[in-house]
Amino acid sequence: MDANVVQTSSTSITDLPPEMLKQILAKLDDNQNSLLPYRLVHPLWKAIINDLLEEKCLKLEYDGCPKVYIVKNCTKNEMLIECPAETLQHTGNPFPSSSLTLAGSNSIIEDIDFEWWCSTYQQRCEHNSNEGEGQKVRLETFTSKLGNYLTSFTLYALVTSCDVVANILSHLVNIKTLTVSEIILTDSQYKTLPTLCNLTNLELTSSAPRMIFEDMDVFAWFLVAYANQLKKLELHSRFLTDPQLILKDLISEQGGAFNLFQNLDELVISSRLDFFLNSFCSPPLKFLTIKKHYFVELNPKKLMLLIHKFSDTLERLELDFEWNNLFFDSVGGTFFLTMDSPFPANRRSQVLEELLSVPILKFPKLIHFSVAFPTTDAELRVINEAFLVKFPALQKLQLLLFGGVLPSLQYENENDIERLQNQMQKLQDFFRGVDYWKLCSGLKRISVLARKRDPILDETDLFHCLDETDLDNVTCDVDSGQVYSTTRDEYESANLTNMQKM
Amino acid sequence: MALVRVISSDGAAFLVSQRLAKRSGKLKTEIETFRKSSDNSEAQPEIRIVTIRAEILRLVLQWLQQHQNDPVLPANQNEQDGRGDAEMGQSQWDRDFLAPMDLGIVMELILAANHLEVKGLLDITCKLVESKITGRTVDEIRTAFKLKSDFKGNEEEQTRLENRWCVEN
């Protein structure tokens, strides 16, 4: 081919089928707002991007967008929001992603006096008002006129009554995804929530330090209403300590525990694990993601015994937390099991053997497993002996490198470049030393993802001890990204080359 | 060496090894179908590609030739796993290969790679188009891709207001 010859064609981007254009535009999606400008290019682009944004919102990957704020929060009839004046005259759906966030405040502050935060809520709402820009409108008017266009909806940082929440939802007849994040109910008049026939995805989040009973009441209220129609559930609460208190209402409402969550196939959880993993209910889970959890005694053996009830259906298991979360019982996480530990070697060995003594359990459908990157012998053994041998159908293994450096970013600082080089070298050395390919005969791909390190672990967890390696000292500034990937084909062709050299 | 004749929409025939042709999912299926239906195991398969003209088919085969020892990527590669994305696999040769082409040829290559199920080529061509969009203004994108606005009435202004509403909050 002559590189200097310019080849031309009259074929245009409009000749691509919409699904191809969708694939291309999807790759431009860096964050919630990155796609919006491209809606202006062409009506087809607008339609495709609207679909992409809606899909993300429905999958709980984005919060509803746009966000409207409560600007006056008195009684139900006087609750006002602010939106662009044109929105109410808009013909058709004014929401690009068919989604919306209704917020009382632009953020909830976790570490201040929470009672003060609630008592100043009214001023906070009025502060949201942006004089001269938008139009103030009664929330009831807004939701009754436009609520039917929404397929996903987020309630965020709201202090309000049960009645108002039920009333808002009654106008959202088409929603499929609902996020309830950081709401505080001012009464306990838990009237029945409206029927939402299409609702299949629910996320309940609370991170504020407050009385645990409030969280449980809010969570239970929604779960009682929608438990049996949900396909995906996300539960995030730091202080949810007694799952049975929530389940008691649910069980009495449903007349028994055994049919609870009968359609649920995806669970993402960062509260008490035994909320779902106890004997009360057995949803047919296909996907289980366990994120960082708080104050919960957990170890590999306990975890496997808890999740074994899903062994017939589970296809993907993601343990999205650092190793110390999985060694809670052993006082100080893996520190207890490392060679530098002050504990006697025989005691360390005894604890490790106990943690690994998982009964013969198999997960015949599990094809995807994510776990923290191992940096100690104990962690390597846990991955091999507590997990991988139980997953005979495994095809993808993801190792989560907390604090890893992303090779896709442009580093200018020499230290960062050196860290990246060290990381890549260590990863290559690591993969030369382990043989997951032999252990899992169906394994097709291993990838390493960088994960942002939780600062709470480093600063306040006195028991947590990090290995002093370059891998641990670097910081990942983004939530996630791939740093390494390798396939069985590559492994086999490298082995072939080595054999030929010999 | 077993060969296959691949014929473009404008009648040009390319004689390529079956090993190379099978790196295209579509050609692999066609060759296997031919084998099953043919009594003569020595017969040379002939495959007509009615949607791809000679110049584009030549480019696809040239790309396959260059990448004949790469691992074959599954068509439905998981995005999060990343491999298969162009930034992981694009070589200097790929960049030189794409450099002289105008966007029209790139679009034809995308369509051809999609039709013939050549994931690696599809990835790098889509990535090239993506790079022509990223960071550009609406007018620059319309100019680059020879697009008209085509919005009816005040729809463009309305879209602008919706965007502003989303971004401001």
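Since we're looking at a predicted model, the values are computed, not measured. (Residues numbered from 1 in each chain as written. Chains lettered and ligands numbered in written order. Predicted model: local features only at pLDDT ≥ 70, side-chain atom pairs only at ≥ 80, totals over all residues. Heavy atoms only, no water.)

**A closer look at the overall build of chain B**
Operational definition: In this text, helices come from DSSP runs of H or I with a minimum length of four residues, and strands from runs of E with a minimum of two, each type numbered from the N-terminal end. Only protein chains enter the calculation, and the probe is 1.4 Å; a residue is then buried if its accessible area is under 20% of its type maximum, exposed if over 50%, and partly exposed in between. Contacts are assigned to residue pairs with any non-hydrogen atoms lying within 4.5 Å of each other. In short, Shrake-Rupley with a 1.4 Å probe defines the accessible areas, and a residue's cover is counted only from the protein chains shown.
A count of helical and extended segments in chain B gives 9 helices and 3 strands. When the helices and strands of chain B are read in sequence order from the N terminus, they spell out β-β-α-α-β-α-α-α-α-α-α-α. Out of the 169 residues in chain B, the part that is buried amounts to 47%. Across chain B, every contact between residues at least 6 apart in sequence was considered, and the portion connecting residues at least 24 apart equals 63%. Total accessible area on chain B is roughly 8,700 Å²; 47% of this is exposed by carbon and sulfur atoms.

**Some details on the packing of helix α6 (residues 103–116) of chain B against helix α7 (residues 119–133) of chain B**
Residues and elements named next belong to chain B. Filter applied, for reference: Working convention: axes come from line fits to C-alpha atoms, limited for helices to the stretch in contact. Angles between N-to-C directions cover 0 to 180 degrees. Take the far helix as your reference; a near helix turned counterclockwise from it by less than a right angle gives a left-handed crossing, and one turned clockwise gives a right-handed crossing.
Between α6 and α7, the least distance of the axes is 9 Å, while the angle of their chain directions is 145°. Here α6 and α7 pass one another in a crossing that is left-handed. The segment α6 lies against α7, with Leu103, Val106, Met107, Leu109, Ile110, Ala113 and Asn114 engaging Leu121, Leu122, Thr125, Cys126, Leu128, Val129 and Lys132.

**Concerning the pattern of salt bridges**
All names here are of chain A. Rules: Any Lys or Arg side-chain nitrogen located within 4 Å of an Asp or Glu carboxyl oxygen qualifies as a salt bridge.
This model, assessed by the stated rule, comprises 29 salt bridges over all chains. Residues Arg432 and Asp429 are paired through a salt bridge, measuring 2.7 Å at the closest nitrogen-oxygen approach. Taken together, the residues span about one helical turn, with Arg432 and Asp429 both in helix α14 (residues 414–433) at a distance of 3 residues. On the basis of relative accessible area, Arg432 is assigned to the exposed category, the value being 61%. The network of salt bridges with common partners includes Lys232, Glu234, Glu266, Arg316 and Glu318.

**A few points about the packing of aromatic side chains**
All names here are of chain A. Formally: Any two of the Phe, Tyr and Trp rings considered here, Trp counted by its six-membered ring, make a pair once their centres fall within 6.5 Å; the pair's planes then place it as stacked at under 30 degrees, edge-to-face at over 60, or tilted in between.
All told, the structure shown has 13 aromatic pairs over all chains when counted by the stated rule. Their ring planes at 85° and their centres at 5.6 Å tell us that Phe363 and Phe391 sit as a pair that is edge-to-face. Here Phe363 is found in the loop between α12 (345–356) and β14 (368–372), whereas its partner Phe391 is found in the loop between α13 (377–387) and β15 (396–402), with 28 residues between them in sequence. Residue class for Phe363 comes out buried when judged on its relative accessible area of 0%.

**Regarding the UniProt feature "domain: SKP1 component dimerisation" (unreviewed entry) in chain B**
Put simply, the rule is: UniProt positions are given in the numbering used here, feature names are shortened, and annotations may be inferred rather than shown by experiment.
Mapped onto this numbering, the UniProt entry annotates "domain: SKP1 component dimerisation" (unreviewed entry) at residues 119–166 of chain B. For the annotated span residues 119–166 of chain B, helix accounts for 71% and strand for 0% of the residues, and the straight-line distance between the end C-alpha atoms is 35 Å.

**A word on the pairing of strand β2 (residues 13–17) of chain B**
All names here are of chain B. Quick note on the threshold: A strand pair is defined by DSSP finding two or more bridges across the two strands.
In this sheet, β2 lies alongside strand β1 (residues 3–7) in antiparallel orientation, the contact comprising 5 bridges. Looking at β2, one finds that Ile7 is bridged to Ala13. Hairpin connection from β1 to β2: 5 residues lie between these consecutive antiparallel strands, with Gly11 at a positive phi of about 90°.

**Quick notes on the interface of chain A and chain B**
As a measure of interface size, the accessible area lost when the parts come together is often cited. For clarity, the cut-off: Under the scheme applied here, ten amino acids are nonpolar (Ala, Val, Leu, Ile, Met, Phe, Trp, Tyr, Cys and Pro), four are charged (Asp, Glu, Lys and Arg), and all others, including Gly, are polar.
Between chain A and chain B, the contact holds 57 residues from the first and 57 residues from the second. At the junction of chain A and chain B, the tally comes to 2 salt bridges. Of the charged contacts, one joins Lys46 of chain A and Glu155 of chain B as a salt bridge, the two residues approaching to 3.5 Å between their closest N and O atoms. Here the element with the most residues in the side of chain A that touches chain B is helix α1 (residues 18–26) of chain A; it accounts for 4 residues. Tallied by class, residues from the side of chain A that touches chain B come to 29 nonpolar, 18 polar and 10 charged.

**Considerations on helix α2 (residues 43–58) of chain A**
All names here are of chain A. Rules: Multiplying 1.5 Å by the residue count of a helix minus one yields the expected span of that helix.
In this model, α2 (16 residues) spans 22 Å end to end at C-alpha, consistent with the 22 Å of a helix rising 1.5 Å per residue. For α2, the full list of buried residues reads Trp45, Lys46, Ile48, Ile49, Asn50, Leu52, Leu53, Glu54, Cys57 and Leu58. Of the residues trailing α2, Leu60 is marked for its positive phi of about 65°.

**Describing the environment of Leu27 of chain B**
Residue and element names in this part refer to chain B. Structurally, the position occupied by Leu27 is in helix α2 (residues 25–37). On the basis of relative accessible area, Leu27 is assigned to the buried category, the value being 2%. Separated by 133 residues in sequence, Leu27 and Arg160 have C-alpha atoms that sit 45 Å apart. Here Leu27 is in contact with Val6, Ala21, Ile47, Ile49 and Leu116, once residues within four sequence places are set aside.

**Section: unusual backbone geometry**
Residue and element names in this part refer to chain A. With a phi angle near 50°, Ser98 is a residue other than glycine that sits in the positive phi range. With relative accessibility at 9%, the residue Ser98 sits in the buried group. You will see that Ala157, though not glycine, has its phi angle at about 50°, which is positive. Examined against the element boundaries, Ala157 turns out to sit in the loop between β5 (152–156) and β6 (159–160). Since its relative accessible area comes to 0%, Ala157 is described here as buried.

**Examining the state of the cysteines**
Here is the rule: Cysteine sulfur atoms are paired as a disulfide whenever they come within 2.5 Å of each other.
Overall, the coordinates contain 0 disulfides over all chains when judged by the stated rule. Considering cysteine sulfurs only, Cys65 of chain A is the nearest to Cys57 of chain A, which forms no disulfide, with 7.1 Å between them.

**Thoughts on the side chain of Glu162 of chain B**
With respect to the helices and strands, the residue Glu162 of chain B is situated in helix α9 (residues 155–168). Glu162 of chain B sits in the buried class, given a relative accessible area of 4%. With sequence-adjacent residues up to four places away left out, Glu162 of chain B is seen in contact with Arg39, Lys46, His90, Asn93, Pro94 and Pro96 of chain A.

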